[in-house]
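# A structural walkthrough
Listed below, chain by chain, are the residues.
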Amino acid sequence: MMNFDGLDPGMGEYPPNLHGTMDAGLEPSMDPHLNPNLLQGVELDPEGLAVTVPEQVHLMEGMFSELHSAVSEVGIPVTATHFDLQEEMLWMGNHRGHVTSFFGPTMGRHSSFQAHATDDVRHIQSLETGVLFLSKCNLKCHTRGGLVMFDFPMDEGADMHSLLMTDNNTLLMGGLQNYAVEVDLNTVQETQKFNVEVPGVAIMRQTSRFFFCGHTSGKITLRDLRSFKTEHEFDAFSGSLSDFDVHGNLLAACGFSSRGMNGLACDRFLMVYDLRMMRAVTPLQVHVDPLFLRFIPTYTSRLAIISQTGQCQFCEPTGLANVADIFHVNTVGQLLMSFDVSSSKQALAFGDSGGCVHLWSDAPEVSFNDYSRETDFALPCLVDTLPQLDWNHDLLPLSLIPMPLTSTEQLLSDWPTALATPSPRRAPPADPEILRTMKTVGFIGYAANPRTRPRNQVPYKIKDVELDYDNYNQVPESPIGRDEEPHLYMVPKKYRKVTIKYSKLGLEDFDFKHYNRTLFAGLEPHIPNAYCNCMIQVLYFLEPIRCLVQNHLCQKEFCLACELGFLFHMLDLSRGDPCQASNFLRAFRTIPEASALGLILADSDEQTGKARLGRLIQSWNRFILTQLHQETQEQEGPQAYRGASSSSLGSSGESAIGKLFGCEVENSSLCRCGKETVRSSLTLLFTMHYPEQNSQEKTIKEYDFAEILKKSICLEQSTQAWCENCEKYQPTVQTRNIRCLPDVLVINCEVNSAKEAEFWKVQAEYAFNKAMQKEANEPAKPKEPPPPMPTEWCLDGEDACNMEGFTFDTKAEDLRHVWIPLTLKMSISKSQGLEISSWPEGEELSAAEEEEGAALYDLVVTVSHVLDARTGGNLVAHIKVGETYHQRKEGVTHQQWYLFNDFLIEPIDKPESAQFDLSWKVPAILYYSKRNYHTKYDLRIKNPIDASVLLTEASLARKQRKSHATFIPLMVSEMPQAGDLVGLDAEFVTLNQEEAELRSDGTKSTIKPSQMSVARITCVRGQGPNEGVPFIDDYISTQEQVVDYLTQYSGIKPGDLDAKISSKHLTTLKSTYLKLRFLIDTGVRFVGHGLQKDFRVINLLVLKDQVIDTVYLFHLPRKRMISLRFLAWYFLDLSIQGETHDSIEDARTALQLYRKFLELSRGGGTDEVRKVLKGLYEKGRQMDWKVPESETGDGQGSPKTGAAVFPSVMGL
């Protein structure tokens, strides 16, 4: 509140904008000519006015008040403000390097861009042609629209703080280092470097006589304009310098004084120096703690002194400061971080730590410069300025609309014929895939886009116009390399990348059953980073992991083990419907190690196929096993508060992941001096290492897979390493041996180049020829019934038929492209070490072999990278699904291999899992499991989610107070039981906008749906004395960038989800998810409107008998769905969702509608309900499905409100 104590009522006439916003009751006492738009920013208490404001109030020069304020990025401190010296613009830069400009006194946003990637903007300086932005170690120049003009990096170790234009083309920069730099802006070159004393120059000013340099030591030095040598020095403050300014013959400075053991204190005496005599005059005592100061010379040499808390005082440098000259910048508790004065001295700008810029002025029609040039804006839409044309007039000439000429240059059509001979380029031929799938309507043909070329672009190769355009595609060649062109082979249909075709109804009418006739759940691919879907399925079908993560629960917000447990629970419940891993991938994106390993893809890389998926999924495999091992280690105390990096693989903490995949490894380093170092560690997977081929040998030798695997596990290689004995780097032989066998052997194949692919291909040919030779040498067997024909495989160009009898030679075809065995025998002995060999499938070990520690390992998983130039490739998994999974889903006990390709799931023959045709199918990951390994694991799932998750929890928001609570948590006596009703509603925000294209027949095709994130979840009691009272009303904190808050539909406003400024009950998504999971597991029935979408975005699977959706209760077949607002108006005489949606109101309304439906059903049965619904649809058509506005003008469609129906809610 402003302080008017001691103000003389008769001392002058006051400006109307002095007082900020006043209460409505004060308006009669104010000037009737007052501009109401200026009354903002400050609230006044009418009882606090010490004097009566005269009725006649006019403008008095020099009294400043707030004109406007604007926010660039909420919560990001504004570190620099600057009034443009050429145009009517105000610039601001923030702590994250982002810059925004505002135009004129109304502060309309003009441009906004990132000037520096991470460093804060420390100084802004406008030029004729652009604007300079200084950061810690970089100087950038941008046009006012945001285009980069130049980028000038500093020397390493630079810490720049200020810059000074010494003339039109020369710039001086100083900072906390022992030099200042002069830069020529014409050549963008460093011209001179001046040495300065430590700690360097923090602030610089200039007059016609000196450079003035302020130092953090509290001194101000006056330096020669040419040599930069010190001419005079003022020791202004004993602590540190805060700011100073120079005008005429006066220099004023503010700063901090040293208080001995108490550190620094802000000095309320301004030091003033006379530059004619080079000595201090009487210090000026002020009434605020000065942080910034500027001379604002108008008719006197006034000083503006600004404190960090927003107090501003004006005073004369040679007079006494008056308390009445203090005004306050309304920063809502934020601290001021930057300050600037316009060149016209009519405007002040303040930047605060909350991201807000405040513009103060002494006149409503303020101008920043005395003579400003016109500002260029984005071109306006010409359509609004064109004359109206009657399109129904057949003879109307369209040439009435003029074509704008963009320049005065000669038009191309006016050039001489000799210079403008047309030379048309031939259009590239249509893609054969388009012609093959094209449908014709009349003379127009349309087809699905095969995505072999960039959208809306036609590639022309200038040098060879007649090139075969079929060879063009935007997908880079895989590192595997190909002997043949992409269109000469065909990837089998079930292996191709699958995409969801979206319609008006979204996913509702997409036939997932066409792709998956099993009861196992697929995973949807449209989410960012969904390339790992196949590996999620791999982990799910390993029974110990499935049980482990579902038993795991911790309080860490982003825990991959917890999220996998939630996802696996959905996969367990699903009966063939696809699930999506959105919450898991959301948590995955927040893990710093995932980002550091390059596992988080940009959307563009994923869509265009630029990602090297084979290498990527192998890195992901290593990462997820390591991450799960760390998150599930058995330790004392709660696991929730142990950071992800608090343990290493070699730690003593044992985890089920370590027991399952872990293998104790002994690493030995032998120097040539004889010194041997042995270290032990735990490894969770092994990488294949292939033998180096001698350059003289043209052919690749034959190797057995077991032989290569053994060399890869017991790896021996020579490298340079530090020897403590020799005390220098020496050639060292490093050897790895394993001490025990893992239960599941994980192998990364590392087929990442053409050389490795060729090796794999040649070995498969050797194996096939050997098998054919062995079969030919075997004696003829008694005639047996012919084997069944292969159901899936039929490779083009292969000799699959026996010409004599025309019967398929199944066994031979099964062995083609196969190098890896389906079963391995592994053993470790003291004498021989590790031994690995192929083993005939189906045979068991003898008792003697088992006693020696030998074990059989069966192939259970292969993950392949499918190379397809048309789609950019994809990843698929072959998984041997065990008996327990079939027992749960189908009630039968058997094992079967399946192909998992996102939401496509198909049973396959056993040999197909090990076949790798390297021309399109490249091996990436193999899993071998010890036979009957899971018998030693506890495979029971104990649901770790209990009723405690519903108890009261603290909000993440700092400003949230109990008095603002919008819900009452459940009491112990109110704990829900199976069958209880719970009203539910959720609100969402958009993270990524929808991508769609317009087909040639005029219909819209959704390529990628908008990515939504849940922002608010509300649950209300469905019965009991507190029916309708919310017991959950959580706003979900998000760390991801929101592109649209959808405020009109969600009621969510910017800042509601930010813990720093939100006043809502803010929680993590995981916390609220656990509450809903507990309710679902308890067996409550949810009542809501459009719950299918709500549960989908929240990423929950709820059984149909637990969902009561009012969308479907009040719906007739083949008719439109009806909005909640219309249903509430029609059946309940309620007007809801006036300006925005409120989830509490929506959830209560859905409950009331369900009660209404039960009432109708009891009253007259199905026929009565159908009759009422017909009346509903008839009324809807008459009203065009719009709720009438209230006649009372209060914005309500009905005198009834939700509070009248649930009186107990009024106590909230």
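Given the structure is predicted, the values throughout are model-derived calculations rather than measurements. All residue numbers refer to positions counted from 1 along the written sequence of the respective chain. Residue-level local features of this predicted model are given only where pLDDT is at least 70; pairs of side-chain atoms are given and counted only at 80 or more, and the full residue set underlies all totals for whole chains, interfaces and linings. Computation of side-chain values: all heavy atoms of the structure, hydrogens and water removed.

## Notes on the overall build of the protein
Helix and strand assignments follow DSSP, with helices taken as H or I runs no shorter than four residues and strands as E runs no shorter than two, numbered in order from the N terminus. Within the protein, the secondary structure is distributed over 21 helices and 53 strands. Residues classed as buried in the protein amount to 48% of the 1212 residues present. Contact criterion: two residues are considered in contact whenever any of their non-hydrogen atoms come within 4.5 Å of each other. Taking as baseline every contact in the protein between residues at least 6 positions apart, the subset at least 24 positions apart corresponds to 60%. Surface accessibility follows the Shrake-Rupley procedure with a 1.4 Å probe radius. Residue values consider only the protein chains on display as shielding. Surface exposure of the protein reaches about 61,700 Å², of which carbon and sulfur atoms provide 51%. Relative accessibility under 20% of the residue-type maximum defines a buried residue, over 50% an exposed one, and the middle range a partly exposed one, all with a 1.4 Å probe and only protein chains included.

## Here we look at the UniProt feature "binding site: a divalent metal cation" (unreviewed entry) in the protein
UniProt positions are given in the numbering used here, feature names are shortened, and annotations may be inferred rather than shown by experiment. Feature annotation in UniProt assigns "binding site: a divalent metal cation" (unreviewed entry) to the following positions: Asp-985, Glu-987, Asp-1094 and Asp-1146. Judged by maximum C-alpha separation, these annotated positions cover 162 residues in sequence but sit close together in space, the widest gap being only 12.9 Å. Note on placement: Asp-985 falls in strand β46 (residues 981–992). Ignoring any residue separated from it by four or fewer positions in sequence, one finds Asp-985 in contact with Arg-1016, Ile-1017, Thr-1018, Asp-1094, Ser-1143, Asp-1146 and Ala-1147. Along the chain, Glu-987 turns up in strand β46. Residue Glu-987 is classed as buried on the basis of its relative accessible area, which comes to 5%. Those residues in contact with Glu-987 that lie beyond four places of it in its chain are Ser-1013, Val-1014, Ala-1015, Arg-1016, Tyr-1049, Ser-1050, Ile-1052, His-1141, Asp-1142, Ser-1143 and Asp-1146.

## Digging into the sheet that holds strand β51 (residues 1066–1067)
In this scheme, strands are said to pair when DSSP sees at least two bridges between them. Taken in spatial order, the six strands line up as β51-β50-β49-β46-β52-β53 in an open sheet, and their pairing is mixed. One side of each edge strand has no neighbouring strand; the edge strands of this open sheet are β51 and β53 (1107–1109). Sheet strands in contact with helix α20 (residues 1143–1183) are β46, β49 (1011–1021), β50 (1030–1036), β52 (1085–1088) and β53, and its direction is about 140° off that of β46. Helix axes use the C-alpha atoms of the stretch in contact, all axes being lines fitted to C-alpha atoms, and the angles between their N-to-C directions lie in the range 0 to 180 degrees.

## Some thoughts on the nonpolar core
Residues enter a nonpolar core if they are buried and are Ala, Val, Leu, Ile, Met, Phe, Trp, Tyr or Cys, with the set joined through side-chain atoms within 4.5 Å. Within the largest apolar cluster, 102 residues are counted, with the highest numbers of intra-cluster contacts made by Tyr-531, Ile-536, Ile-617, Trp-620, Phe-661, Tyr-927 and Phe-1086. Sorting elements by how many residues they give to this core places helix α4 (residues 560–573) first, with nine residues. When residues of this core are sorted by domain, at least three fall in each of domain 2 (493–632 + 855–936) and domain 3 (947–994 + 1005–1183). Not counting residues within four places of it along the chain, the set of residues in contact with Phe-661 comprises Leu-542, Ile-545, Leu-625, Thr-683, Leu-684, Pro-742, Val-744, Val-746 and Tyr-927. If you look at the next biggest cluster of nonpolar residues, it comprises 55 residues, including Tyr-690, Ile-708, Ala-757 and Ile-908. Domain start and stop points were drawn from an automatic or database domain assignment.

## A word on the sheet that holds strand β27 (residues 326–328)
Strand order across the open sheet formed by four strands is β24-β25-β26-β27, with antiparallel pairing between neighbours. In this open sheet, the two strands that pair with only one neighbour each are β24 (290–297) and β27. With direction set aside, neighbouring strand axes in the sheet form an average angle of 20°.

## Observations concerning unusual backbone geometry
Note that the residue after Val-198, namely Pro-199, is joined by a cis bond; omega there is 15°. Within the secondary structure, Pro-199 sits in the loop between β13 (189–195) and β14 (203–206). Positioned with a positive phi, Glu-727 is a non-glycine residue whose angle comes to about 60°. Tracing the backbone through its elements, the reader meets Glu-727 in the loop between β36 (716–723) and β37 (728–738). Not every positive phi belongs to a glycine, and Asp-902 is a case in point at roughly 55°. Mapped onto the elements, Asp-902 comes out in the loop between β43 (896–901) and β44 (904–907).

## Considerations on the pattern of salt bridges
Any Lys or Arg side-chain nitrogen located within 4 Å of an Asp or Glu carboxyl oxygen qualifies as a salt bridge. Enumeration according to the criterion identifies 44 salt bridges in this entry. As a salt-bridge pair, Asp-84 and Arg-144 come within 2.8 Å of each other at their nearest N and O atoms. Pair noted here: Asp-84 is in the loop between β2 (78–83) and β3 (89–94) and Arg-144 is in the loop between β8 (138–142) and β9 (148–153), with a separation of 60 residues, a long-range link. Arg-144 carries the same exposure label as Asp-84, and that label is buried. A salt bridge links Glu-1027 to Arg-1155, with the shortest nitrogen-to-oxygen separation between them at 3.2 Å. On the criterion of sequence distance, the pair formed by Glu-1027 in the loop between β49 and β50 and Arg-1155 in helix α20 is long-range, its members being 128 residues apart. The exposure class assigned to Arg-1155 is partly exposed, which follows from its relative accessible area of 30%. One continuous salt-bridge network, built from bridges that share partners, spans Asp-84, Glu-87, Glu-128, Arg-144 and Arg-373.

## Quick notes on the packing of aromatic side chains
Centres within 6.5 Å are what make two rings of Phe, Tyr or Trp a pair, Trp counting through its six-membered ring; a difference in plane orientation under 30 degrees is then read as stacked, over 60 as edge-to-face, and the rest as tilted. In this structure the tally under the stated criterion is 46 aromatic pairs. Seen in terms of ring centroids, Phe-541 and Phe-900 are 5.1 Å apart; in terms of plane orientation they differ by 45°. Their pairing is tilted. With Phe-541 in the loop between α2 (533–540) and α3 (543–551) and Phe-900 in strand β43, this pair connects stretches of sequence that are 359 residues apart. In this structure an aromatic cluster arises from ring pairing among Phe-520, Tyr-540, Phe-541, Phe-568, Tyr-885, Tyr-898 and Phe-900. The criterion for a charge sitting over a ring is simple: Lys NZ or Arg CZ within 6 Å of the ring centre, and within 35 degrees of the ring normal. Here the basic side chain of Lys-921 rests over the ring of Phe-916, its NZ or CZ set 5.4 Å away from the ring centre.

## So, a positive patch on the surface
A contiguous patch of positive charge on the surface is contributed by Arg-1118, Lys-1119, Arg-1170 and Lys-1174. Positionally, Lys-1174 belongs in helix α20. The patches reported here contain residues having more than 30% relative accessible area and no salt bridge. Joining distances are 9 Å for like charges and 5 Å for nonpolar side chains (Val, Leu, Ile, Met, Phe, Trp, Tyr). Counting rule for charge: Lys and Arg are taken as positive, Asp and Glu as negative, and neither His nor the chain ends is counted. Think of each charge as sitting on NZ of Lys, CZ of Arg, CG of Asp or CD of Glu.

## So, the pairing of strand β12 (residues 179–184)
Of all six residues in β12, five are buried; the element is thus mostly enclosed. Note: strand β11 (residues 170–175) against β12, four bridges, orientation antiparallel. Bridging across to β12, Leu-172 finds its partner in Glu-182. Counting the residues that bridge the hairpin from β11 to β12 gives three residues. Sheet analysis places β12 next to β13, joined by six bridges and oriented antiparallel. Bridge pairing in β13 links Val-183 to Glu-190. The loop that links β12 with its antiparallel partner β13 comprises four residues; one of these, Val-188, has a positive phi angle of about 50°.

## Thoughts on the pairing of strand β16 (residues 219–224)
Both strand β15 (residues 210–214) and β16 contribute to a ladder of five bridges, which runs antiparallel. Paired with Phe-212 across the strands is Leu-222, a residue of β16. Joining the antiparallel neighbours β15 and β16 is a turn of four residues, in which Gly-218 adopts a positive phi near 100°. Where β16 meets strand β17 (residues 230–235), five bridges bridge the pair, whose relative direction is antiparallel. Of the residues in β17, the one forming a bridge with Thr-221 is Glu-233.

## Regarding the side chain of Thr-100
With respect to the helices and strands, Thr-100 occurs in strand β4 (residues 98–103). Whenever two N or O atoms come within 3.5 Å, that pair is a polar contact, provided that in protein one can donate a hydrogen and the other can accept it, and provided that, for residues adjacent in sequence, both atoms are side-chain atoms. In terms of polar contacts, Thr-100 uses its side chain to reach the side chain of Ser-72, at 2.8 Å. When near neighbours in sequence (up to four residues on either side) are disregarded, Thr-100 contacts Ser-72, Leu-90, Trp-91, Met-92, Arg-109, Ser-111 and Ser-112.

## Topic: the confidence of the model for the protein
Here the protein averages 79 in pLDDT, and 80% of its residues register 70 or above. Confidence scores differ between elements of the protein, with helix α21 (residues 1202–1205) showing the lowest mean pLDDT of 40 and β2 the highest of 95. Within the model, the stretch residues 462–488 combines pLDDT values under 50 with 53 contacts to residues more than four positions away or in other chains. You can read pLDDT as the predictor saying how much it trusts each residue, on a scale of 0 to 100.

## Some points on α3
The element α3 is largely enclosed, with a buried count of eight among its nine residues. Buried within α3 we find Glu-543, Pro-544, Ile-545, Arg-546, Cys-547, Leu-548, Val-549 and Gln-550. Buried residues along α3 sit against α2, α4, α9 (656–661) and α14 (883–890).

## Details of α14
For α14, the complete set of buried residues consists of Tyr-885, His-886 and Lys-889. Looking down the long axis of α14, one finds its buried residues gathered within 95° of arc, a one-sided arrangement. On its buried face, α14 is in contact with α2, α3, α4, β42 (874–881) and β43. Backbone geometry just after α14 places Gly-891 at a positive phi near 75°. What the arc measures is the spread of directions leading from the helix axis to the C-beta atoms.

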